[in-house]
Amino acid sequence: MDADTVMGTELRGLRQRRPDIAGAVLAGTDGLLISSDLPSTDATHLAALAAASFGLGHRVADTVGQGEFRQSVVCTTAGCVVTYPAGRSALLTLVTGSAAGDLEALHEEARVVARRAGSFLDVRGGGIGATSVPDAHAPLATRTPMATLPTQLRRSSRPTWRRPPI
């Protein structure tokens with residue numbers, strides 16, 4: 001069973017209960033698209049934006065010390081875009097229409113779907129293109145070891161440019 005099958009099954013049930021959902025994207029916390037029922041260009045962009053929104057929301061939640069990040073909500077005049085964590089390394093983002101008046105009920109149902117999809121992806125392990133969320137308070141070298149950076153990005157001891165003669 002693959003992510004598209006799981007998402008199709010889960011989303012079909014969610015959409016039967018919540019017809020106001022216009023689309024969904026399952027993405028890694030690194031912004032890479034895993035599965036979607038939106039047009040591919042929109043899904044790719046939304047996956048990246050969802051990861052940025054999650055990163056910001058996760059950081060804000062950590063800074064204020066009021067518990068764990070639960071969701072990110074962007075409300076527009078035509079509906080809402082809501083992002084939920086799905087397991088250790090994925091995000092479920094729902095696009096809803098203007099009928100999304102009862103967001104609390106949507107949150108309850110969507111969190112269940114996000115938990116199930118996240119559990120599937122966590123058990124499945126690697127290969128989904130997502131990385132787990134690093135500890136925000138870990139030293140930078142722990143989060144991004146120099147050994148993992150391409151050689152071209154490492155600083156050399158010699159300057160790469162010279163001041164032109166005047």
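Up top is the structure.
All values reported here derive from a predicted model rather than from experimental measurement.

Can you help me understand the pairing of strand β1 (residues 21–28) in this one?
Each regular strand displays side chains that alternate between the two surfaces of the sheet. β1 sits mainly inside the fold: seven of its eight residues count as buried. Taken together, the seven bridges between β1 and strand β5 (residues 90–96) define a ladder with antiparallel strand orientation. Across the sheet, I21 pairs through a bridge with T96, a residue of β5. The pairing of β1 with strand β2 (residues 33–36) spans three bridges and is classified as antiparallel. Looking at β2, one finds that A27 is bridged to L33. Connecting the antiparallel pair β1 and β2 is a turn made up of four residues, with G31 showing a positive phi of about 90°.

Explanation requested: the sheet that holds strand β3 (residues 72–75) in the structure shown.
Hydrogen bonds between backbone groups are what pair the strands of a sheet, and the pairing can be parallel or antiparallel. In space, the five strands of this open sheet follow the order β2-β1-β5-β4-β3, with antiparallel pairing throughout. Each edge of the open sheet carries a strand with a single partner, namely β2 and β3. Each strand of the sheet is rotated relative to its neighbour by a mean of 15°, with strand direction disregarded. Pairing of β3 with strand β4 (residues 80–86) involves four bridges; the strand directions are antiparallel. Looking across to β4, one finds that V73 is bridged to V82. Strands in contact with helix α3 (residues 103–124) are β1, β2, β3, β4 and β5; relative to β4, the strand with the most contacts, it is inclined by about 40°.

What's the story with the environment of L49 in this structure? I'm lost.
Relative to the assigned elements, L49 resides in helix α2 (residues 40–64). Linking L49 and T93, residues 44 residues apart in sequence, is a C-alpha distance of 9.9 Å.

So what exactly am I meant to see when it comes to the pattern of salt bridges here?
Taken as a whole and judged by the stated rule, the model has three salt bridges. In this structure, the salt-bridge partner of D20 is R18, at a minimum N-O distance of 3.4 Å. On the basis of relative accessibility, which here comes to 9%, the residue R18 falls in the buried class. The closest approach of N and O atoms between R18 and E109, which form a salt bridge, is 4.0 Å. In this pair, R18 is assigned in the loop between α1 (3–17) and β1 and E109 in helix α3, connecting sequence segments 91 residues apart.

Explanation requested: the layout of surface pockets in the structure shown.
Over the atoms rolls a probe the size of a water molecule, and in doing so it shows where empty space is left. Empty space within the largest pocket amounts to approximately 460 Å³. Lining of the largest pocket is provided by 21 residues; of these, F54, E68, F69, P85 and G87 occupy positions nearest its centre. Counting residues per element, the ones that place at least two in the lining of the largest pocket are α2, β4 and α3. No other element matches the four residues that α2 contributes to the lining of the largest pocket.

Where do I start with the state of the cysteines in this structure?
Scanning all chains against the criterion turns up zero disulfides. Free cysteine: C80, not disulfide-bonded; nearest cysteine sulfur from C75 at 3.1 Å.

So what exactly am I meant to see when it comes to the packing of aromatic side chains here?
For any pair of aromatic rings, the description consists of the separation of the ring centres together with the inter-plane angle of the planes. A full pass over the atoms with the stated rule returns one aromatic pair. Their ring planes at 85° and their centres at 5.2 Å tell us that F54 and F69 sit as a pair that is edge-to-face. Here F54 is found in helix α2, whereas its partner F69 is found in the loop between α2 and β3, with 15 residues between them in sequence. F69 carries the same exposure label as F54, and that label is buried.

Calculation rules
- Residues numbered from 1 in each chain as written.
- Predicted model: local features only at pLDDT ≥ 70, side-chain atom pairs only at ≥ 80, totals over all residues.
- Heavy atoms only, no water.
- Buried < 20%, exposed > 50% of the residue type's maximum accessible area, 1.4 Å probe, protein only.
- Helix = DSSP H or I, 4+ residues; strand = E, 2+ residues; numbered from the N terminus.
- Pairing = 2+ DSSP bridges.
- Axes fitted to C-alpha atoms, helices over the stretch in contact; angles between N-to-C directions.
- Contact = heavy atoms within 4.5 Å.
- Salt bridge = Lys/Arg side-chain N within 4 Å of Asp/Glu carboxyl O.
- 1 Å grid on protein atoms, 1.4 Å probe; cavity = no way out; pocket = protein on both sides within 12 Å on 5 of 7 lines; lining within 4 Å.
- Points joined across faces, edges and corners; volume = space filled by probe spheres on them.
- Disulfide = S-S within 2.5 Å.
- Phe/Tyr/Trp six-rings, centres within 6.5 Å; stacked < 30°, edge-to-face > 60°.

Keep in mind that these numbers describe shape and distance, not what the molecule does.
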